[in-house]
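Now for the letters of each chain:
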Amino acid sequence: MEKPKVSIVMPTYNVEKYFRQCIESVINQTLKEIEIIPVDDGSPDSCGKIMDEYAEKDKRIKPIHKENGGYGSAVNLGIEKATGEYIAILETDDLVEPNTYELLYNEAKRNDTDMTKCMFYIYNSFYKHKSVKPYDNNFFSFIDAPKEVFTLKEYPQILYKHASVWAAIYKSSFIKEIKFIEKFSYQDVPFIAEVLCKANRISFLKKYLIQYRIEENQNSSSLITNKNLLKMPENCIITREILKRYGFFERLIKEAFYLQVYYGNYNFYNRIQLKYKSQYLKLLKELFEDIKNDKEFKYLYFDREQKKFVENILKTPRFIILFGLYFKDFKKAIINSYDDGIYRRTKIFGFINITTKPARLQINTLYHRLDYLKRLNKILYKKLKKIEFNIKTKDW
């Protein structure tokens with residue numbers, strides 16, 4: 001068999017429910033000269049057997065079975081074994097469009113890039129009206145990406161975009177020199193930072209080619225609400241050190257990095273269990289201290305609410321954001337109501353009980369779904385806009 005044009009590394013753990021759909025979307029690619037490398041990371045379900053079953057039917061599929069070592073170790077091993085001209089990473093609960101790797105490969109070859117990225121949809125099979133929709137907000141959209149080849153210095157905004165390491169292909173000789181941090185959560189953030197620092201040629205294909213699955217009861221980091229979320233600010237510290245080590249921390253990149261810190265931690269802070277919020281705030285405060293007295297830092301890429309979030313963290317650690325409700329110094333509450341699909345899978349650590357004069361907010365640790373919060377917000381929004389609150393709570 002001639003050298004594959006693209007090797008697709010598929011780290012696999014406990015995704016039996018989605019694995020067949022994922023691997024079949026790869027098998028049916030219009031680009032046939034591919035190498036498919038599913039890495040069974042000691043998965044406790046039937047994923048290992050399923051990939052072996054597919055390998056018997058398709059010689060392009062080369063399963064790897066290993067003891068559980070985490071996402072980073074599975075990707076590292078897959079990349080090490082890959083023989084393709086380019087290498088892709090695909091999470092095995094996601095899906096790819098039929099022409100994904102043909103389009104990415106052609107774009108990468110045309111521009112001789114170290115990395116070529118594409119856009120992606122969010123996918124949820126439980127959506128009532130539409131199962132697939134594009135992510136178009138500032139964090140997820142690459143609409144403003146240059147049309148031509150670029151570097152991190154030429155487009156620093158890429159640093160605060162979603163890492164989406166799985167929505168890209170990488171030149172094999174380039175990516176084999178970069179490793180994921182093993183046995184650590186959310187390794188994609190420092191990984192993509194190092195990729196951006198070392199890449200001399202990056203291009204962006206403005207087509208939606210990946211279906212990024214986020215569903216309730218999915219085995220995904222987007223759903224985790226435990227102490228593991230504290231790893232995100234730690235990863236941001238590692239990322240900052242990587243940028244400094246490669247000499248990429250001048251003004252514009254620094255501005256972009258701290259917006260990435262905001263995007264990477266805001267939702268995690270909202271989702272983490274109540275007992276860990278104080279610890280999370282402390283880590284965020286340490287991260288943002290670097291810009292507290294930096295007169296050259298202008299919050300260039302931040303909007304007004306994002307800037308306010310950072311400024312409040314730097315002013316006081318007694319500040320909590322509870323799913324759209326801002327609490328500053330536990331004295332005032334301001335509604336910031338929004339609908340984001342990601343909260344459909346998360347824990348809401350707040351039950352709001354409006355009493356008589358003055359209205360009081362009593363905060364208890366309860367599990368609710370977004371539909372409950374939405375109904376609650378509709379009832380309360382008009383009332384809360386005009387009322388100043390005293391908040392009854394314990395010291396967090």
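Each remark here, short or long, concerns the structure printed above.
Predicted model, so just to flag it, every value in this text is computed and none were measured. (Residues numbered from 1 in each chain as written. Predicted model: local features only at pLDDT ≥ 70, side-chain atom pairs only at ≥ 80, totals over all residues. Heavy atoms only, no water.)

Chemist: Quick question: what am I supposed to make of the overall build of the protein here?
Modeler: Per the secondary structure count, the protein includes 11 helices and 14 strands. Taking all 396 residues of the protein together, 57% fall into the buried category. In the protein, the share of contacts with a sequence separation of at least 24, taken over all contacts with a separation of at least 6, comes to 75%. If you sum the accessible surface of the protein, you get close to 18,200 Å²; carbon and sulfur atoms cover 48% of it. (Helix = DSSP H or I, 4+ residues; strand = E, 2+ residues; numbered from the N terminus. Buried < 20%, exposed > 50% of the residue type's maximum accessible area, 1.4 Å probe, protein only. Contact = heavy atoms within 4.5 Å. Areas by Shrake-Rupley, 256 points an atom, 1.4 Å probe, with all protein chains shown as cover.)

Chemist: Help me understand the pattern of salt bridges in this model?
Modeler: Any two side chains of opposite charge can pair, so long as their charged atoms come close to each other. For the structure shown, the criterion picks out 16 salt bridges. We note a salt bridge from Lys-308 to Glu-305, for which the minimum N-O separation is 3.4 Å. Taken together, the residues span about one helical turn, with Lys-308 and Glu-305 both in helix H10 (residues 304-315) at a distance of 3 residues. Overall, the relative accessible area of 30% leaves Lys-308 in the partly exposed class. Residue classification places Glu-305 among the partly exposed residues on the basis of a relative accessible area of 24%. Each member of the salt-bridge network shares a partner with another, and the members are Arg-20, Glu-53 and Lys-57. (Salt bridge = Lys/Arg side-chain N within 4 Å of Asp/Glu carboxyl O.)

Chemist: In this structure, what is going on with the pairing of strand E1 (residues 6-12)? I would like to understand it.
Modeler: Along any regular strand the residues' side chains alternate between the sheet's two faces. For E1, the tally of buried residues reaches 7 of 7 residues, placing the bulk of the element in the interior. Neither face of E1 is left uncovered, since the one carrying Val-6, Ile-8, Met-10 and Thr-12 and the one carrying Ser-7, Val-9 and Pro-11 both have all their residues buried. Relative to strand E2 (residues 34-41), E1 is paired through 7 bridges, and the arrangement is parallel. Residue pairing across strands places Ile-8 opposite Ile-36, the latter belonging to E2. This β-α-β element, E1 to helix H1 (residues 16-27) to E2, shows right-handed connectivity. Where E1 lies against strand E4 (residues 86-89), 4 bridges are found, and the strand directions are parallel. (Pairing = 2+ DSSP bridges. Right-handed = clockwise from strand over helix to strand, strands pointing away.)

Chemist: Sorry, what's going on with the packing of aromatic side chains here?
Modeler: Geometrically, a pair of aromatic rings is defined through the distance of the ring centres and the angle of the planes. Enumeration over the complete set of coordinates arrives at 25 aromatic pairs. Aromatic side chains Phe-180 and Phe-191 sit 3.9 Å apart centroid to centroid with 10° between the ring planes, which places their arrangement in the stacked category. With a gap of 11 residues between them, Phe-180 in the loop between helix H5 (172-175) and helix H6 (188-198) and Phe-191 in helix H6 connect regions that are remote in the sequence. Residue class for Phe-180 comes out buried when judged on its relative accessible area of 3%. Here Phe-191 falls in the buried class, since its relative accessible area comes to 2%. Residues Phe-257 and Tyr-258 carry aromatic rings whose centres are separated by 4.8 Å and whose planes lie at 75° to one another, so their mutual orientation is edge-to-face. Note on Tyr-258: relative accessible area 0%, which makes it buried. (Phe/Tyr/Trp six-rings, centres within 6.5 Å; stacked < 30°, edge-to-face > 60°.)

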